[in-house]
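Inside the fold
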Amino acid sequence: MQKIFQKSKNRFFGQGEEAYGGQYIPEILRPALKEVEKAYKEIFPSQAFQNELKELQEHFISRPTPLIYAKNASKILNNEIYLKFEGLANTGAHKINNAIGQVLLAKKMGKKKIIAETGAGQHGLATACACAKLEMECEIFMGSIDMARQKPNVFNMELFGAKVRSVESGSKTLKDAVNEALRVWSAESKDTFYVLGSALGPYPYPDLVRDLQSIISKELQIQIKSQLDGLPDIMIACVGGGSNAIGFFNEFLQSNIKMIAVEAGGIGDELGEHAKRIKSKNATKAIAQGYKSIFLQKNAQIAKTHSISAGLDYAGIGPQLAHLAQIGRIEFMSARDSEVLEALKFFAKTEGIIAALESCHALAGVIAISKNIQNKKIIVNVSGRGDKDIFITAKHIAPHAWLDFLKSEIAQIKGK
Ligand SMILES: Cc1ncc(COP(=O)(O)O)c(C=O)c1O
């Protein structure tokens, strides 16, 4: 097996032409990133910082999250399946592992204000929550189209005291929110810290986010010892930008465990119908949003994507995962929207777990591979819980009942 670097070397994963990552930023952002790099190297590893982070992980996020033996699903799928359930973390997903760490780091750096981008709203929600807890001013940039689509998350971010700034430029979605947040950061970096939401962007963010999300695999090392008879044969996670996957895999990269990452297969193979970066002819190497990786592109522009899950429809992929795919350490597959909904229903009925639509891609992955393999120990990372998805899932699963419910809600509001 090739040597797998646990940290980026010279800011890149891999070597020469095949390297991914780096720091491709305008001159104006260089001082801000230098400061983040210094804090990552000096404050982050200090015992005092790590102790404070551990306290928050245990008593605020509610870690460790459980490793649940999926007994009923295992019987039906003829494999021994375990679910690492990040849905029980505060705010309902793994995103808080990263947000709380970065906000704490910003506070230790003496920053007064946090800014962050968000697409689906989960990272914005986690960041707003962390800021409420750590008493930091918080501003979340969100495309106006995403704001309209994700009203409940906007409502909850504001409840946490964050200001949600509507971005009207470009396609009015995530990539425009990132651009706007970077523009504001370059002007205000003296007092402001930019909390990036996945294991991507310019160095040192891919390393910082990976280290914060690695709490998932660190806990698994302990849980596997007490709950499983030896290491698992297979580990499966979904991939948007890549933070839950790299955090889940990280401590096991040097092992012989087979690792599978599941991308959003959407509704078809044409550009705009899915968000497959590794398994698509339209995805190629590029430099965008401060780093080098693989992006879905059309005419040298970041392409539109589609997924039933708002958290997996990012057109790029974190540089470490792009590297691990390239050297063959992680296998990639995809799950279509329809398979994702089937996985949601199957694990709800058999295991009493309503997983986030993003996580249901990993669950669809375990259902798919179980058609060809048996008696394997498999751990699936269930990166979040699915309460947040009710506005999407109800439309698909019970459209008439949902419409009646919405009508009665509107009637009640009008009657007041
Ligand atoms: C529950 C959940 N899982 C997975 C993801 C995908 O992000 P990442 O690939 O960074 O883990 C998201 C993104 O919002 C999410 O909310």
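Residues numbered from 1 in each chain as written. Predicted model: local features only at pLDDT ≥ 70, side-chain atom pairs only at ≥ 80, totals over all residues.

Before going further, it helps to examine the sheet that holds strand S7 (residues 163-167). Strand order in the open sheet made by the four strands is S7-S6-S5-S8, with parallel pairing throughout. The open sheet terminates on both sides in strands that have one partner only, identified here as S7 and strand S8 (192-195). The mean angle between the axes of side-by-side strands here comes to 25°, regardless of whether they run parallel or antiparallel. Both strand S5 (residues 113-118) and strand S6 (residues 137-143) contribute to a ladder of six bridges, which runs parallel. Bridge pairing in S6 places Ile115 opposite Glu139. (Pairing = 2+ DSSP bridges. Helix = DSSP H or I, 4+ residues; strand = E, 2+ residues; numbered from the N terminus. Axes fitted to C-alpha atoms, helices over the stretch in contact; angles between N-to-C directions.)

With that settled, consider the site of the ligand. With respect to spatial proximity, 21 residues lie near the ligand, and among them Gly240, Ser243, Gly311, Glu358 and Gly384 are the closest. Top element by residues in the shell around the ligand is helix H11 (residues 243-249). It accounts for three residues. Taken together, the residues of the shell around the ligand sort by class into seven nonpolar, twelve polar and two charged. There are two domains that each give the shell around the ligand at least three residues, and those are domain 1 (13-58 + 95-204) and domain 2 (62-92 + 210-395). (Near = placed C-beta within 6 Å. Nonpolar A, V, L, I, M, F, W, Y, C, P; charged D, E, K, R; others polar. Domains from an automatic or database assignment.)

Time to look at the packing of helix H4 (residues 95-108) against helix H5 (residues 122-134). Two quantities define a packed helix pair, namely the angle between the helix axes and the distance between the axes. Packing of H4 against H5 leaves a shortest axis separation of 8 Å and a crossing angle of 45°. Our classification of the angle between H4 and H5 gives oblique. Between H4 and H5 the crossing geometry is right-handed. The residues of H5 that touch H4, namely those facing Lys95, Ile96, Ala99, Ile100, Val103, Leu104 and Lys107, are Gln122, His123, Ala126, Thr127, Cys129, Ala130, Cys131 and Leu134. (Parallel < 35°, antiparallel > 145°, perpendicular 65-115°, else oblique. Left-handed = near helix turned anticlockwise from the far one by under 90°. Contact = placed C-beta atoms within 7 Å.)

A few words on the domain arrangement of the chain. Once the domains are mapped, the chain shows domain 1 (13-58 + 95-204) and domain 2 (62-92 + 210-395). Between the C-alpha centres of domain 1 and domain 2 there is a distance of 22 Å. Elements with a contribution of two residues or more to the side of domain 1 that touches domain 2: strand S2 (20-21), helix H2 (47-61), H4, H5 and helix H8 (174-188). When its residues are assigned to classes, the side of domain 1 that touches domain 2 shows 15 nonpolar, 13 polar and four charged.

Turning our eyes to something else, we now look at unusual backbone geometry. Peptide bonds are, in most cases, trans, and in most cases residues other than glycine have a negative phi. A cis geometry characterises the amide bond from Arg63 onward to Pro64, with omega recorded as 0°. Tracing the chain through its elements places Pro64 in the loop between H2 and strand S3 (67-69). For the peptide bond that leads from Tyr203 to Pro204, omega is 10°, which places it in the cis range. By the secondary structure assignment, Pro204 is in the loop between S8 and helix H9 (205-213). Unlike most non-glycine residues, Gln289 shows phi in positive territory, near 45°. Structurally, Gln289 is set in the loop between strand S11 (283-288) and strand S12 (291-298). Given 23 C-beta atoms within 10 Å, Gln289 falls into the buried group. (Buried ≥ 20, exposed ≤ 12 C-beta atoms within 10 Å, placed from the backbone.)

Further remarks concern the sheet that holds S3. By definition, the strands of a sheet pair up through backbone hydrogen bonds, in either a parallel or an antiparallel sense. One open sheet accounts for six strands, arranged S3-S4-S15-S9-S10-S14; its pairing is mixed. In the strand order of this sheet, the two ends are held by S3 and strand S14 (330-336), each with one partner. Averaged over all pairs of adjacent strands, the angle between strand axes in this sheet comes to 25°, irrespective of strand direction. Where S3 lies against strand S4 (residues 80-85), three bridges are found, and the strand directions are antiparallel. Directly across from Leu67, in S4, lies its bridge partner Lys84.

What follows deals with the nonpolar core. Counting residues in hydrophobic clusters, the biggest one holds 113 residues, and the most contacted among them are Val103, Ile114, Ile236, Ala237, Leu321 and Val380. When residues of this core are assigned to domains, at least three map to each of domain 1 (13-58 + 95-204) and domain 2 (62-92 + 210-395). The contacts of Leu321, once residues within four sequence positions are left out, are Val239, Gly242, Ala245, Ile246, Ala261 and Ile330. (Core = buried A, V, L, I, M, F, W, Y, C linked by C-beta atoms within 7 Å.)

This next bit is on H2. Given a rise of 1.5 Å per residue, 15 residues ought to cover 21 Å, and the 20 Å separating the end C-alpha atoms of H2 matches this to within 8%. Taken residue by residue, H2 has Leu56, Gln57 and Ile61 as its buried positions. Buried residues in H2, looked at end-on, bunch into an arc of 100°, giving them a common side. Facing away from the buried surface of H2 by more than 90 degrees, the exposed residues are Gln47, Ala48, Asn51, Lys54, Glu55, Glu58 and His59. With its phi angle positive at about 80°, Ser62 sits one or two positions after the end of H2. (Expected span 1.5 Å × (residues − 1). Arc of directions from axis to C-beta.)

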